[in-house]
Amino acid sequence: MIRLHGIEKVYRTDRIETVALADVNIDVEKGEFISIMGPSGCGKSTLLNLMGLLDVPTKGKVEINGSHINGAGDAALAQVRNREIGFIFQTFHLVSDLSVLDNVQIPLLYRRMSNAERRKLAEAALDRVGLSARLHHFPSQLSGGQQQRVAIARAVVGRPAILLADEPTGNLDSHMGDEVMALLKDLNEKEKTTIVMVTHDAQKAQQTARTVRLFDGRQVC
Amino acid sequence: MTRHLVRLIWNRKRQNLLLTIEILCSFLVLFVVILIGLNFSVNASKTLGFDTDRVWSVDVGRPPSPNARADEAAAKAAEARERETFQRLLVAARELPQIEIAAVAFTAPYINASWESGLELADGRKIDYLYNRVGDDFTRVFSMPIEAGRGFSREDDAAAADPVLINVELARKVFGNANPVGQVIPQKFDKAQKPADPPQRKKRVVGVIEDFRQHGKYSMPQPVLIDRLRLDVEDGGRAERIVIRLKPGTTASFEPVLVRRLQREAADWSFEVSTMEHLKERKHSDYIMPLTVLAILAGFLLLMVTLGLTGVVWQSVIQRLREFGLRRAAGASGRSVRGQVMAEMAVMTTFAVLAGVLLVGQLPFLPLPEDLVIPGGVFAAAIALSAAAIYCLTLACGWYPSRLAARMPPAEALRYE
Amino acid sequence: MLRHYLTMTIAVLKRRPFYTAISLFGISFTLLVLMVVTAMADHALAPMAPESRQDRMLGVVSARMFGPDNAWSSNGGYMLFDKHARNLPGVEELTIFSSWQTVSTYLGDQRITSNIKRTDGAFWRVFDFTFLEGSPYSQADVDEARFVAVLTRATREKLFSGQPALGKTFEADGQTFRVVGVVENVPDIRIVPYADFYVPTTTSKSDAYKREIMGGFIAVALARTTDDLPKIREEFNARLTRITLPDKSYTTLVAPFETKYDTIARESPFADRQSPDRQGPKLTLLLVILALLFVTLPTVNLVNVNISRILERASEIGVRKAFGAPMRTLVAQFVVENVFLTLLGGALGLVLSAFVLRALNQSGFIAHSAFTINARVFAYAVLLAIGFGLISGVYPAWRMARLRPVEALKGGPSR
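Quick caveat, the model's predicted, so the values are computed rather than measured.

A tally of regular secondary structure across chain A gives eight helices and ten strands. Rg of the C-alpha trace for chain A: 17 Å, near the compact-globule value of 17 Å for 221 residues, within the 12% margin. Dimensions of chain A, computed from the C-alpha atoms along their principal axes, are close to 50 × 40 × 35 Å. Counting every position in chain A, which comprises 221 residues, the buried fraction comes to 55%. Taking the contacts inside chain A whose residues are at least 6 apart along the sequence as the reference set, 71% of them involve residues at least 24 apart. Looking at chain A as shown, the accessible area adds up to about 9,900 Å², and 48% of this sits on carbon and sulfur atoms.

Each helix and strand counted, chain B has eleven helices and ten strands in total. Taken over C-alpha atoms, the radius of gyration comes to 32 Å for chain B, far larger than the 22 Å a tight globule of 417 residues would show. For chain B, the C-alpha atoms occupy an extent of roughly 100 × 55 × 40 Å along the three principal directions. In chain B, which comprises 417 residues, the share counted as buried stands at 47%. Counted over contacts in chain B with a minimum sequence separation of 6, partners at least 24 positions apart contribute 82%. For chain B, the accessible surface area stands at approximately 19,500 Å², while carbon and sulfur atoms represent 58% of it.

This part covers helix 1 (residues 44-51) of chain A. Residues and elements named next belong to chain A. The buried fraction of helix 1 is high, at seven of eight residues. Residues of helix 1 that are buried include every one of Lys44, Thr46, Leu47, Leu48, Asn49, Leu50 and Met51, and no others. Backbone geometry just after helix 1 places leucine 53 at a positive phi near 60°.

Right, let's get into the packing of aromatic side chains. All names here are of chain C. The full count for this structure, using the stated rule, is 44 aromatic pairs over all chains. Note on phenylalanine 97 and phenylalanine 123: the rings are 5.0 Å apart at their centroids and 70° apart in plane angle, and the pair reads as edge-to-face. With a gap of 26 residues between them, phenylalanine 97 in strand 4 (residues 91-98) and phenylalanine 123 in helix 4 (residues 123-126) connect regions that are remote in the sequence. Among the residues examined, phenylalanine 97 registers a relative accessible area of 0% and is labelled buried.

Turning our attention to the pattern of salt bridges. Applying the stated criterion across every chain yields a total of 59 salt bridges over all chains. In this structure, arginine 228 of chain B engages aspartate 157 of chain B in a salt bridge whose closest nitrogen and oxygen atoms are separated by 3.0 Å. In this pair, arginine 228 of chain B is assigned in strand 8 (residues 224-228) and aspartate 157 of chain B in the loop between strand 5 (146-149) and strand 6 (162-167), connecting sequence segments 71 residues apart. Given the relative accessible area of 7%, arginine 228 of chain B is considered buried. Overall, the relative accessible area of 25% leaves aspartate 157 of chain B in the partly exposed class. Through salt bridges with shared partners, a single network forms among Asp97 of chain A together with Arg12, Arg320, Glu323, Arg327 and Glu344 of chain B.

Take a positive patch on the surface next. Residues and elements named next belong to chain B. A contiguous patch of positive charge on the surface is contributed by Arg335, Arg338, Arg403 and Arg407. Looking at the positive patch, the elements with two or more residues in it are helix 9 (334-360) and helix 10 (376-407). Structurally, arginine 403 is set in helix 10.

Next up on the list: unusual backbone geometry. Omega for the bond connecting alanine 49 of chain C with proline 50 of chain C falls within 30 degrees of zero, at 0°, which places this linkage in the cis form. Assignment of secondary structure puts proline 50 of chain C in the loop between helix 2 (17-45) and strand 1 (57-60). With a phi angle near 45°, glutamate 167 of chain A is a residue other than glycine that sits in the positive phi range. Owing to a relative accessible area of 10%, glutamate 167 of chain A belongs among the buried residues under this scheme. Even without being a glycine, lysine 192 of chain A presents a positive backbone phi close to 60°.

All names here are of chain A. Pairing is mixed across the open sheet formed by six strands, whose spatial order is 6-7-8-3-9-10. Either end of the sheet is taken by a strand with one partner, and the two such strands are strand 6 (85-88) and strand 10 (218-220). Neighbour-to-neighbour, the strand axes of this sheet turn through a mean angle of 25°, independent of strand direction. Pairing of strand 3 (residues 33-37) with strand 9 (residues 210-215), which is carried by four bridges, proceeds in the parallel orientation. Residue pairing for strand 9: isoleucine 34 is matched across the bridge by arginine 210. Helix-sheet contacts for helix 1 involve strand 3, strand 6, strand 7 (162-166), strand 8 (194-198) and strand 9, and the interaxial angle to strand 7 is about 155°.

Our next topic: the packing of helix 2 of chain C against helix 12 (residues 375-402) of chain C. Residue and element names in this part refer to chain C. Running from N to C, helix 2 and helix 12 cross one another at 145°; their axes reach a closest spacing of 10 Å. Considering the relative orientation of helix 2 and helix 12, their crossing is right-handed. For the pair helix 2 and helix 12, the contacting residues are Ile27, Thr30, Leu31, Leu34, Met35, Thr38, Ala39 and Asp42 in the first and Arg376, Val377, Tyr380, Ala381, Leu384, Ala385 and Phe388 in the second. Residue composition of the contact of helix 2 with helix 12, grouped by class: eleven nonpolar, two polar and two charged.

On to the confidence of the model for chain B. Residues with a pLDDT of 70 or more make up 94% of chain B, whose mean pLDDT is 89. Confidence metrics for the complex model read pTM 0.83 and ipTM 0.83.

All names here are of chain A. Ranked by internal contacts, the top residues of the largest apolar core, which has 100 residues, are Ile2, Leu47, Met51, Leu164 and Val196. Not counting residues within four places of it along the chain, the set of residues in contact with methionine 51 comprises Ile2, Leu4, Ile26, Ile36, Ile64, Ile85, Leu164 and Val196. Listed in part, the 33 residues of the second largest apolar core include Ile152, Ala153, Leu183 and Leu187.

We now examine the interface of chain B and chain C. Counting from both sides, the interface comprises 43 residues of chain B and, opposite them, 43 residues of chain C. Where chain B abuts chain C, roughly 3,500 Å² becomes buried across the two surfaces, and 62% of that area is made up of carbon and sulfur atoms. If you look at where chain B meets chain C, you find seven residue pairs in polar contact (both at pLDDT 80 or more). Only helix 2 (13-44), helix 6 (254-265), strand 10 (270-275) and helix 7 (276-319) of chain B provide two or more residues apiece to the side of chain B that touches chain C. If one sorts the elements of the side of chain B that touches chain C by residue count, helix 7 of chain B sits on top with 14 residues. Residue classes in the side of chain B that touches chain C are distributed as 23 nonpolar, eleven polar and nine charged.

Attention now moves to the side chain of asparagine 75 of chain C. One can find asparagine 75 of chain C in strand 3 (residues 71-76). Beyond its immediate sequence surroundings of up to four residues, asparagine 75 of chain C is in contact with Val61, Ala63, Ser99, Met214, Gly215, Gly216, Phe217 and Ile218 of chain C.

What follows covers the pairing of strand 2 (residues 63-66) of chain C. Residues and elements named next belong to chain C. Alternating positions in strand 2 separate into two faces, Ala63 and Met65 on one and Arg64 and Phe66 on the other, with burial throughout. Summarising the sheet, strand 2 and strand 3 pair through four bridges and their orientation is antiparallel. Pairing of phenylalanine 66 across the sheet is with alanine 71, part of strand 3. A loop of four residues connects strand 2 with strand 3, the two strands running antiparallel in sequence. Judged from the three bridges that link them, strand 2 and strand 14 (residues 252-254) form a sheet pairing that is antiparallel. Across the sheet, arginine 64 pairs through a bridge with valine 254, a residue of strand 14.

Judged by pairing direction, the sheet is antiparallel, and its four strands sit side by side in the order 2-1-4-5 (chain A) without closing on themselves. In this open sheet, the two strands that pair with only one neighbour each are strand 2 (17-28) and strand 5 (67-68) of chain A.

Attention now goes to helix 6 of chain B. A rise of 1.5 Å per residue sets the reference length of helix 6 of chain B, with its twelve residues, at 16 Å; its end C-alpha atoms lie 17 Å apart and thus fit the reference within 8%. Every buried residue belonging to helix 6 of chain B is among Phe254, Glu255, Pro256, Leu258, Val259, Arg261, Leu262 and Gln263 of chain B, and all of these are buried.

Our next topic: the confidence of the model for chain A. On average, residues of chain A score 87 in pLDDT, and 100% of them are at 70 or above. Mean pLDDT across the elements of chain A bottoms out in strand 10 of chain A (76) and peaks in helix 3 (residues 100-104) of chain A (93).

All names here are of chain B. Taken together, the side chains of Asp51, Asp53, Glu277 and Glu281 define an acidic patch exposed on the protein surface. The topology assignment puts aspartate 53 in the loop between helix 2 and strand 1 (55-61). With a relative accessible area of 45%, aspartate 53 lands in the partly exposed category.

Residue and element names in this part refer to chain B. Relative to each other, helix 2 and helix 9 sit at 50°, their axes nearing to 8 Å. As judged from the angle between their axes, helix 2 and helix 9 are oblique. As helix 2 packs across helix 9, the resulting crossing turns out to be right-handed. Every residue of helix 9 that contacts helix 2 at Asn16, Leu19, Thr20, Ile23, Leu24, Phe27, Leu28 and Phe31 is listed here: Met348, Thr349, Phe351, Ala352, Val353, Ala355, Gly356, Val357, Leu359 and Val360. In terms of residue class, the contact of helix 2 with helix 9 is built from 14 nonpolar, four polar and no charged.

All right, on to the environment of phenylalanine 33 of chain A then. Residue and element names in this part refer to chain A. Among the secondary structure elements, phenylalanine 33 is positioned in strand 3. Along the chain, phenylalanine 33 and leucine 94 lie 61 residues apart, while their C-alpha atoms are 25 Å from each other. In this structure phenylalanine 33 touches Met181, Leu184, Lys185, Asn188, Ile195, Met197, Thr208, Ala209 and Arg210, once residues within four positions along its chain are discounted.

What counts as what
Residues numbered from 1 in each chain as written. Chains lettered and ligands numbered in written order. Predicted model: local features only at pLDDT ≥ 70, side-chain atom pairs only at ≥ 80, totals over all residues. Heavy atoms only, no water. Helix = DSSP H or I, 4+ residues; strand = E, 2+ residues; numbered from the N terminus. Rg over C-alpha atoms; globule rule 2.2 N^0.38 Å. Buried < 20%, exposed > 50% of the residue type's maximum accessible area, 1.4 Å probe, protein only. Contact = heavy atoms within 4.5 Å. Areas by Shrake-Rupley, 256 points an atom, 1.4 Å probe, with all protein chains shown as cover. Phe/Tyr/Trp six-rings, centres within 6.5 Å; stacked < 30°, edge-to-face > 60°. Salt bridge = Lys/Arg side-chain N within 4 Å of Asp/Glu carboxyl O. Patch = residues over 30% accessible without salt bridge, like charges linked within 9 Å, V, L, I, M, F, W, Y side chains within 5 Å. Lys, Arg positive; Asp, Glu negative; His and termini not counted. Charge placed at Lys NZ, Arg CZ, Asp CG, Glu CD. Pairing = 2+ DSSP bridges. Axes fitted to C-alpha atoms, helices over the stretch in contact; angles between N-to-C directions. Left-handed = near helix turned anticlockwise from the far one by under 90°. Nonpolar A, V, L, I, M, F, W, Y, C, P; charged D, E, K, R; others polar. pLDDT = per-residue confidence, 0-100. Core = buried A, V, L, I, M, F, W, Y, C linked by side-chain atoms within 4.5 Å. Buried area = accessible area lost by both parts, 1.4 Å probe. Polar contact = N/O pair within 3.5 Å; in protein donor to acceptor, adjacent residues only side chain to side chain. Expected span 1.5 Å × (residues − 1). Parallel < 35°, antiparallel > 145°, perpendicular 65-115°, else oblique.

Laid out in structure tokens, this is it:
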């Protein structure tokens, strides 16, 4: 599903060159639920960004669902991000001035469909995460766990094949964190969604099928 | 997408309020300038009704006559002497070889003194019109096109009713499509008359002129009614000036010659000669100058607004970089994000323009004097033009910030602090 | 402490040159327009030669005689003042002179048009003209109907090519005059004393003017003290009610003695010309409304820009607050910045208005105008700048004070 070959990512400023990733090779099969672990600053988020086409590698090849991504134009990348990938962030990144329903519809805005269809899909996604009662609330009126669930609904509303989660439980207490993990596992089992989760919590990582470890930008073990 | 943006902007209405007010004020400023300018150009395209080429106006100043109340006989005698002097002046002017045609009048094109009057028709309608009183040949001095009938002449000496000239607009208002020549204006006369009032006489249309836009091409067209001025009878009207058309080739050096000739007929009267060219320039300047000053002020104000709004939108985009990063992650292309910023500006402008149109839409309902009423077509065109211009302005303000929103790679945008 | 604020201000403004530039542009332009208008108004209305004693002067410029069906507006007639305005209580001098009259002088082929005023002897005692040559004509000259004239410098230029004109003669409107004095130019915005040359009233071509109630004359009374001004007004208005009007169709005559500002107000829209009461307050209201309307757009613009500036520094404010800075100092910092910017913009506006005024003077747009920025105008300018700065700074400062630290750190208020 996702193939990264010989990935290198270097950040250059005027005076400093930072190597964020070096010689990373990862294959994620369809339907897998894997986690990426490592200490802070080891490049986990950078790796996820590259998988999610939010950034381009300095060297190496990225393949999503069989198609090479290197050198693709902005419009093509956007299309892939829209149809194949769903993103979940540690800090939720909900738009505070939009209702829950409007937030969830965001990915669908960049696809051609009628307003009625969008609404239906959004309502279905919110139902899936158990938030049907809060369609018209605003993010500030929800708890952390609820906000993350809205973010998950937004990530899956377009039925993407891949879900990328960057420390999804990092801002939540253990109870809510468990809820979110249960939801992710459910999505993986029922809809066969490929999930890549970045985490620093070993306990959460153990609940996934496979763990990739990073240290200082390189794969270990 | 539009509905989404409208909801987004509506939810942010408190932050957006000041911005919308600023756009509204800019719209109003633009509207005023465009309305006046458009009105002038529309007026300028309409017919003037006269030609002032080679025409001069001689303002005649005479010592005031004794008051009728104090000594009626002396007053009448002085008046008769005045009329007789005026006749001699007219004859003297006509004799001069440089003068083609001469006539007397109360007022003339581009002269500031104007007389507005009105009458009530038998069917109850009230008509306001521009008034003038001119001698025979006036229409020839100014080459005024006569649509129907003829100008004043000696034929009118014996007429029972007062001969009048009206313009096409007045003819249409009073007589509709019927031919007004020879007809009496269906005027309602005051039954209750005071003994001191002059007898009310009927007005019979002798000719229909194209128009007589005394205040020039930028003035609003209005109905015109002209009475005949006679120097040979009492109550024939008071002449204030002699208008003359010169033979081709006459230069300004003729002016002192003319004045000295007139001064010989009336030593204690004063004469001031003005060329129509000069009067026309001054009159046009009366209209154009204030508009120019207004336009310059408006131009600077709008420049200030453009700069300010660009800065404000820029800042707002920076505030929202994380939101834009998110949208990119959800599949929005760079172009789509740029489009969103521009579309948001457009939606906000629409709110402001709607409010502005609501405000200015009240104007036609205000009680305004007749000559300030602007025709509906011009009003609507001004609204449309101002709205279009304001959209251009706000979209220009949003253009550069929108590129900023799209330029930043999504990963950076999401992490932006 | 103030020095600290100022150094911070300069650093902040230098850091964001774009914001600084657009704020300065908006402020200086607005203040430029306001200052030019103020300078013009000052030039038209403030006491200056030849009306230095303006504070003690009242004049009758417009007269209106009306009845139920008729109204007649013009200047007052000579007889109205000669018979009824003399010996008013508290009057030191009364002058009666004609308003606007244009005459032509032909020098060979060239025509020179001049505005003339026909005055009495008291004219020269009420107004303080600066004489470059000779002296004014006396009341005796007027009584004897001598054909003498006082020219302005510009007229001397036109008629005699600027050579000394004392004793020379010239012709105007068929009459010949001998020059007895030359005075400094009067700006034509000072409409009351303005003319190109002055001659005695008695040189009019006919003496019919002496018998008119309504005509083309202006009366100006110079009071002994400013306390006498209301007495002059009241007494003259009382006398007017006792005059028999020449025509039965007229019932009332309104021709009040008033200050120059009130005279102008009487000619403005919305004035009630049939009332002898002061029309000044109405004009003031109209002008204030117009000024507010003009200032609205720049103020809203500046408020928006200021809010933007604050939001941009929201996280900096949040950090300062987190480290214990009291709200007061943060607001004070912002206020100092705003006032600094406004004063800077005001100074820029002042410099620009000097240029604009000079251009206006040179263009002859208003003849012989000498718009300047004197101490009075400068004081108004400073007041305007401070007022403008306060109004456009209050709301943004209030917004800033309401920012909670956690919001500020996140970059702005959340819902």
